[in-house]
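Structural overview for review
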Amino acid sequence: MILEYVLAIWSWVVIGVLLVFLWRIAYFYQKTSGQRVGHYLLVIAALLLVGGAVWYLLADVEFTGEPAADLLLFGGGILFFVFGGRLQELMTGERR
C-alpha cells in the first residue's frame, strides 16, 4: 500500500515537472518570437489533471474505475497533448 502511494506521488511529480517545463518553453517562445501561443491554456490542463488525481485520493479507491475522475484525467491529458502539438507546429514552422 505504501509503495503504491510513493509511486503515485512520484509519477504526479514527474507530470507536474513536465507541465512546468512545457509552460516555460511556451512562455519563452511567446516572448522571443512575438507570436501568441496561449501558454495559459496549460493551466486548464493542469487543473483537470489535479482534479482527477484529487478525486481518486478523496474517494480512496484504486486508480481506475471512477468515470468522473477518469474523464478529468483524460481531458487534461488531451489538452496537454494538443497544446504540445500546437506548440511544436508553431516552433518548427508548420512543416507539411
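Here's what I pulled together on the structure shown here. Computed from a predicted structure; not experimentally measured.

What follows covers the nonpolar core. Among the nonpolar cores identified, the biggest contains 13 residues, and Leu22, Ala26, Tyr29, Val37, Leu42, Phe83 and Leu87 are the most heavily contacted of them. Residue assignment for this core shows that the elements contributing at least two residues are helix H1 (2–33), helix H2 (41–59) and helix H3 (67–92). When residues of this core are assigned to their parent elements, the largest contribution, five residues, is made by H3. Beyond its immediate sequence surroundings of up to four residues, phenylalanine 83 is in contact with Leu22, Ala26, Val37, Gly38, His39, Leu41 and Leu42.

Inspection of the entire model under this criterion finds one aromatic pair. Consider the rings of tryptophan 23 and tyrosine 27, whose centres lie 6.1 Å apart with planes at 25 degrees: the pair is stacked. Residue tryptophan 23 and its partner tyrosine 27 are located together in helix H1, separated by four residues, close to a single helical turn. By relative accessible area, which is 27% here, tryptophan 23 ends up partly exposed.

Here we take up the packing of H2 against H3. The interhelical angle for the contact between H2 and H3, taken along N-to-C directions, is 155 degrees, at an axis separation of 8 Å. Considering their axes alone, H2 and H3 lie roughly antiparallel with respect to each other. Seen from above, H2 lies across H3 with left-handed handedness. Along its contact with H2, which presents Leu41, Leu42, Ile44, Ala45, Leu48, Leu49, Gly51, Gly52, Ala53, Trp55 and Tyr56, the element H3 presents Ala68, Ala69, Asp70, Leu72, Leu73, Gly75, Gly76, Gly77, Leu79, Phe80 and Phe83. Class assignment for the residues of the contact of H2 with H3 results in 16 nonpolar, five polar and one charged.

Definitions and limits used
Residues numbered from 1 in each chain as written. Predicted model: local features only at pLDDT ≥ 70, side-chain atom pairs only at ≥ 80, totals over all residues. Heavy atoms only, no water. Core = buried A, V, L, I, M, F, W, Y, C linked by side-chain atoms within 4.5 Å. Buried < 20%, exposed > 50% of the residue type's maximum accessible area, 1.4 Å probe, protein only. Helix = DSSP H or I, 4+ residues; strand = E, 2+ residues; numbered from the N terminus. Contact = heavy atoms within 4.5 Å. Phe/Tyr/Trp six-rings, centres within 6.5 Å; stacked < 30°, edge-to-face > 60°. Axes fitted to C-alpha atoms, helices over the stretch in contact; angles between N-to-C directions. Parallel < 35°, antiparallel > 145°, perpendicular 65-115°, else oblique. Left-handed = near helix turned anticlockwise from the far one by under 90°. Nonpolar A, V, L, I, M, F, W, Y, C, P; charged D, E, K, R; others polar.

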